Every structure is written in structure tokens, then in C-alpha cells.
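Structural characterization, general
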Amino acid sequence: MAARHDFFQAFQEGAKVDIPWFFDSVFRSTATVDWSVEVAQKLETKPQGWFLEGTGASGEWKKREGPAKSSAPEEEGPWRVNLMVRRKGTLLLPLKLALRYADGTGETLLWSREDQARTTWWKPLEGREVALKKLISAVLDPDRVYDFDKNLSNNQWFDATDERTPLRWAERAFEEYAHLLHWFGGIGG
């Protein structure tokens, strides 16, 4: 026990950081974590038709045309993006979220330990204007700092569909079936 405490103390002195909360949470407790990201987005359509501009009798009726048809609707906007990050478990660690947009730009946001202590969910784009660009990916922990997430399959979201995904699931199911048959063969003698 003393050797472990000495290691933690030496690590903190060498790194010049004071993080006893990290060692307490990760090494001295049974706390677990499972982060997940969920995204729903849609292209906002501008209203078409006749609208009254102005107030009262001084208002004037004007016609608004719909948007011009384009071959690349992703470049048009605005987009309404509903993004939610959830945390299951009691382990509180700072979590990065990397967002990439269709125009090639991106941003990295941080969900702090303090914010996670207040709530188990986070909507990082809430309160922003509707004029968002189309989101093409959202990845939790993009640097893969934490390996102890219970389910890593729900830590990323991509807008593009992957034609190989059904094949991967079929491969996993077949592999589990092969393991089961191997196990039955082993107990059968």
C-alpha cells in the first residue's frame, strides 16, 4: 500500500500536477464509466409563400421563393443539429469531443469533471444559432486517452453510411457461434 502511495506521489511531483482525484477515482475505487454520443440533424427549410412584412395596415404582402435547387444540399444551410453526450457510471474524467463539419472545419470541446458532476448528459451545441454547418462526425475522446469505457462502440458518430457495417456484425455473430461450437466440442469429449 505504501509503495502505491509513493508511486502516486512521485508521479505527481515529476509531472508537476496535483491530481489525487485521478488516482482516487481510477485506482482506488470501483467507479465505472460509459460515455455515448447521439446526433440528429436536419436541414432547416425556409418558409415559402406570401408573408406580411411590417405591422398593421402599413404592412405589405411579399412573396418569398423557396431555395434554389442545388446539386449539393450539404453546402446549403442552415442545419439544425441536436447533439447529446451521455455518461453512465460514476467515474468523472474530463472528456474531449471532436466535431467535424462538411466544409472541412472542426472544433474540439471539453466536458469538464465539474460539469459531469452536475448532470449525466451534455448538449454542447445547445444555445447556438440554427445556422450551423452540417456535422459529418462527432468523436468522444479522439486521442483515445481512456481505455476503460465500458462500450467504445457508441463513442463516435459519422454522417456517412458504411456499407461494410452489416458485414462486420455478421462476422462478429459468426465468430461467437464458432466459439460456442468450439466450447460444446470441448465438453463433449
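Residues numbered from 1 in each chain as written. Predicted model: local features only at pLDDT ≥ 70, side-chain atom pairs only at ≥ 80, totals over all residues. Heavy atoms only, no water.

Description of the overall build of the chain
In terms of regular secondary structure, the chain is built from 4 helices and 9 strands. For the chain, the succession of helices and strands along the chain, N to C, is α-α-β-β-β-β-β-β-α-β-β-β-α. Counting all 189 residues of the chain, 24% fall into the buried class. Here the contacts in the chain between residues at least 6 apart in sequence split such that 64% fall between residues at least 24 apart. For the chain, the exposed surface amounts to about 13,500 Å²; the carbon and sulfur share of it is 55%. (Helix = DSSP H or I, 4+ residues; strand = E, 2+ residues; numbered from the N terminus. Buried < 20%, exposed > 50% of the residue type's maximum accessible area, 1.4 Å probe, protein only. Contact = heavy atoms within 4.5 Å. Areas by Shrake-Rupley, 256 points an atom, 1.4 Å probe, with all protein chains shown as cover.)

Comments concerning the sheet that holds strand 1 (residues 33–43)
Where strands meet in a sheet, backbone hydrogen bonds hold them as pairs that are either parallel or antiparallel. Spatially, 1-4-7 is the arrangement adopted by the 3 strands of the open sheet, whose pairing is antiparallel. Of all strands in the sheet, those bounded by a partner on one side alone are strand 1 and strand 7 (121–122). Bridge count between strand 1 and strand 4 (residues 79–89): 11 bridges; the pairing is antiparallel. The residue bridging Asp 34 from the neighbouring strand is Lys 88, located in strand 4. (Pairing = 2+ DSSP bridges.)

A short note on the sheet that holds strand 9 (residues 156–158)
Read from one edge of the open sheet, 4 strands run 6-5-8-9, paired in antiparallel fashion. Every other strand in the sheet has two partners, leaving strand 6 (106–111) and strand 9 as the edge strands with one partner each. Each strand axis lies, on average, 15° off the axis of its neighbour in the sheet, ignoring direction. Bridging between strand 8 (residues 135–140) and strand 9 involves 3 bridges; their strand directions are antiparallel. Residue Ala 138 lies in a different strand from strand 9, and its bridge partner there is Trp 157. (Axes fitted to C-alpha atoms, helices over the stretch in contact; angles between N-to-C directions.)

What about the packing of aromatic side chains?
By the definition in use, this model includes 4 aromatic pairs. With centroids separated by 5.5 Å and ring planes inclined at 45°, the aromatic side chains of Trp 35 and Tyr 146 adopt a geometry described as tilted. Placement of the pair is Trp 35 in strand 1 and Tyr 146 in the loop between strand 8 and strand 9, with a sequence separation of 111 residues. Tyr 146 matches Trp 35 in its accessibility class, with the two residues each being buried. Seen in terms of ring centroids, Trp 111 and Trp 122 are 5.6 Å apart; in terms of plane orientation they differ by 20°. Their pairing is stacked. Of this pair, Trp 111 sits in strand 6 while Trp 122 is found in strand 7, placing the two residues 11 residues apart along the sequence. Pair check on accessibility: Trp 111 and Trp 122 agree, each one buried. Grouping aromatic residues by their ring pairs yields a cluster made of Trp 35, Tyr 146 and Phe 148. The ring of Tyr 101 has Lys 133 sitting right over it, with the charged end atom 5.1 Å from the ring centre. Above the plane of the ring of Trp 169 lies Arg 172, whose end atom (NZ or CZ) is 5.0 Å from the centre. (Phe/Tyr/Trp six-rings, centres within 6.5 Å; stacked < 30°, edge-to-face > 60°. Lys NZ or Arg CZ within 6 Å of the ring centre and 35° of its normal.)

As for the nonpolar core
Ranked by size, the top nonpolar core spans 24 residues in total, and within it Leu 83, Val 85, Leu 97, Leu 99, Leu 135 and Ala 138 carry the most contacts. Of all the elements in the fold, those that place two or more residues in this core are strand 1, strand 4, strand 5 (95–101), strand 6 and strand 8. The contact partners of Leu 83, leaving out residues within four places of it in the chain, are Val 37, Glu 38, Val 39, Leu 97, Leu 99, Trp 122, Lys 123, Pro 124, Leu 125, Leu 135 and Ala 138. (Core = buried A, V, L, I, M, F, W, Y, C linked by side-chain atoms within 4.5 Å.)

Re unusual backbone geometry
In this model, Asp 141 sits at a positive phi of 50°, which is unusual for a non-glycine residue. Summarising the element assignment, Asp 141 is placed in the loop between strand 8 and strand 9. Accessibility expressed as a relative area gives 6% for Asp 141, which makes it buried. One non-glycine residue, Arg 144, adopts positive backbone phi at about 55°. Assignment of secondary structure puts Arg 144 in the loop between strand 8 and strand 9.

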